[in-house]
Amino acid sequence: VQLQAFGGGLVQTGGSLRLSCVASGLTFSRNDMGWFRQAPGKERMFVAAISWGGAGTYYANSMKSRFTISRDNAKNTVYLQMNSLKPEDTAVYYCAGKRSPSTTVFASGNYDYWGQGTLVTVSS
């Protein structure tokens, strides 16, 4: 199983980025998918998640109005559109896949597969 995230980079405050994560080696359409992030010196935290069919989306409160998660099961890809970026959004962003539909999407420990991360830097 491989999850490859890309789309990170350097952006100014107020800017936008779109992260993508392409999955291979798993039945993508049967996995809930999530995005987490880890800032320097901090623990990994939940950002957003989407259910296997795309009907359910979930966000951390601080990102709900600025970020949008989506997926294209035909392309085995999950996206994270990030708008109105702030310096505190600077972090490595990881995509993750979760096989079981009965466990919460908010806990990183429930995910079975992880990508390598892509760095997002927001300058002030």
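Below or above, wherever it landed, is the structure these notes cover. (Residues numbered from 1 in each chain as written. Predicted model: local features only at pLDDT ≥ 70, side-chain atom pairs only at ≥ 80, totals over all residues. Heavy atoms only, no water.)

### Quick word on the environment of Thr90
- Inspection of the secondary structure puts Thr90 in the loop between β8 (77–82) and β9 (91–98).
- One polar contact links the side chain of Thr90 to the main-chain carbonyl oxygen of Pro87, over a distance of 2.9 Å.
- A polar contact of 2.9 Å, which involves the side chain of Thr90, links it to the backbone nitrogen of Val122. (Helix = DSSP H or I, 4+ residues; strand = E, 2+ residues; numbered from the N terminus. Polar contact = N/O pair within 3.5 Å; in protein donor to acceptor, adjacent residues only side chain to side chain.)

### What to know about the nonpolar core
- With 36 residues, the main nonpolar core has Trp35, Leu80, Met82 and Tyr93 as its most contacted residues.
- For this core, the elements supplying multiple residues, two or more each, are β1 (2–6), β3 (17–24), β4 (32–38), β5 (45–50), β7 (67–72), β8, β9 and β11 (118–123).
- By residue number, the principal contributor to this core is β5, which donates five residues.
- Contacts of Met82, omitting those with residues within four sequence positions, involve Gly15, Ser16, Leu17, Leu19, Arg66, Phe67, Tyr93 and Val120. (Core = buried A, V, L, I, M, F, W, Y, C linked by side-chain atoms within 4.5 Å. Buried < 20%, exposed > 50% of the residue type's maximum accessible area, 1.4 Å probe, protein only. Contact = heavy atoms within 4.5 Å.)

### Section: the pattern of salt bridges
- Enumeration according to the criterion identifies four salt bridges in this entry.
- Here Arg37 makes a salt bridge to Asp89, at a shortest N to O gap of 2.9 Å. Pair noted here: Arg37 is in strand β4 and Asp89 is in the loop between β8 and β9, with a separation of 52 residues, a long-range link.
- Classification of Arg37 by relative accessible area gives buried; the value is 8%.
- Residue classification places Asp89 among the buried positions, given a relative accessible area of 0%.
- Through salt bridges with shared partners, one network takes in Arg37, Arg66 and Asp89. (Salt bridge = Lys/Arg side-chain N within 4 Å of Asp/Glu carboxyl O.)

### Some remarks on unusual backbone geometry
- Residues other than glycine seldom take positive phi values, yet Asn76 does so here, at roughly 55°.
- Note that Asn76 resides in the loop between β7 and β8.
- Judged by relative accessible area, Asn76 falls into the partly exposed class, the value being 25%.
- A positive phi angle, close to 50°, is found at Ser84, a residue other than glycine.
- Its location among the elements puts Ser84 in the loop between β8 and β9.

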